[in-house]
Amino acid sequence: QVQLVDSGGGLVQAGASLRLSCAASGRSFATYTMAWFRQAPGKEREFVAVISWRVDNTYYADSVKGRFTISRDNAKNTVYLQMNSLKPEDTAVYYCAADYLGNSGTVPQQYPYWGQGTQVTVSS
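Here goes a summary of the coordinates provided. It should be emphasised that the depicted structure is a prediction, and the values quoted were computed from it without experimental measurement. (Residues numbered from 1 in each chain as written. Predicted model: local features only at pLDDT ≥ 70, side-chain atom pairs only at ≥ 80, totals over all residues. Heavy atoms only, no water.)

1. Digging into the state of the cysteines
A covalent bond bridging the sulfur atoms of two cysteines is what the word disulfide describes.
Here's step 1: Applying the stated rule across the entire model yields one disulfide.
Here's step 2: In this model Cys22 forms its disulfide with Cys96; the gap between the sulfur atoms is 1.9 Å. Judged by the sign of its S-S torsion, about 45°, the cystine formed by Cys22 and Cys96 is right-handed. Of this pair, Cys22 sits in strand E3 (residues 18-25) while Cys96 sits in strand E9 (residues 92-100), and the two are 74 residues apart along the sequence.
Here's step 3: Looking at Cys22, the relative accessible area reads 0%, which means it is buried.
Here's step 4: According to the relative accessible area criterion, Cys96 is buried, its value standing at 0%. (Disulfide = S-S within 2.5 Å. Helix = DSSP H or I, 4+ residues; strand = E, 2+ residues; numbered from the N terminus. Buried < 20%, exposed > 50% of the residue type's maximum accessible area, 1.4 Å probe, protein only.)

Listed below in structure tokens is the structure:
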């Protein structure tokens, strides 16, 4: 089992950057596939990015490809989401999620462990 704590959100202007962090507690962090999802008001939770446990393969939603980068530091039990060139449509609560030995899924139901979320607001 793993516990996740998201941080790093804030209010920024369009074009700015933010880095989100997700700190995990528990053993064997390196064996968890880690993902970021986001949820805007009135919308369903949507996939943003994932990094696998096996060889650090990454995959991104088309809407963030080329602007966001997911990475992990297994020594620090932390996964990051570097967000550049932010747009107002990126405004949402961002959640990290974990799946033990997961296969890099993009569906929220595939992830049993979730952080509490961190708010990102991008003004125009």
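2. Topic: the packing of aromatic side chains
Here's step 1: Per the stated rule, a full pass over the model turns up eight aromatic pairs.
Here's step 2: Each ring, one from Tyr32 and one from Tyr113, has its centre 6.1 Å from the other, and the planes form 70°; the classification is edge-to-face. Placement of Tyr32 in strand E4 (residues 32-39) and of Tyr113 in strand E10 (residues 113-114) is noted, with a sequence separation of 81 residues between them.
Here's step 3: Here Tyr32 falls in the buried class, since its relative accessible area comes to 4%.
Here's step 4: Exposure remark for Tyr113: the relative accessible area of 23% places this residue in the partly exposed category.
Here's step 5: Members of the aromatic cluster, joined through ring pairs, are Phe37, Phe47, Tyr59, Tyr95, Tyr111 and Trp114.
Here's step 6: The ring of Phe29 has Arg72 sitting right over it, with the charged end atom 4.7 Å from the ring centre. (Phe/Tyr/Trp six-rings, centres within 6.5 Å; stacked < 30°, edge-to-face > 60°. Lys NZ or Arg CZ within 6 Å of the ring centre and 35° of its normal.)

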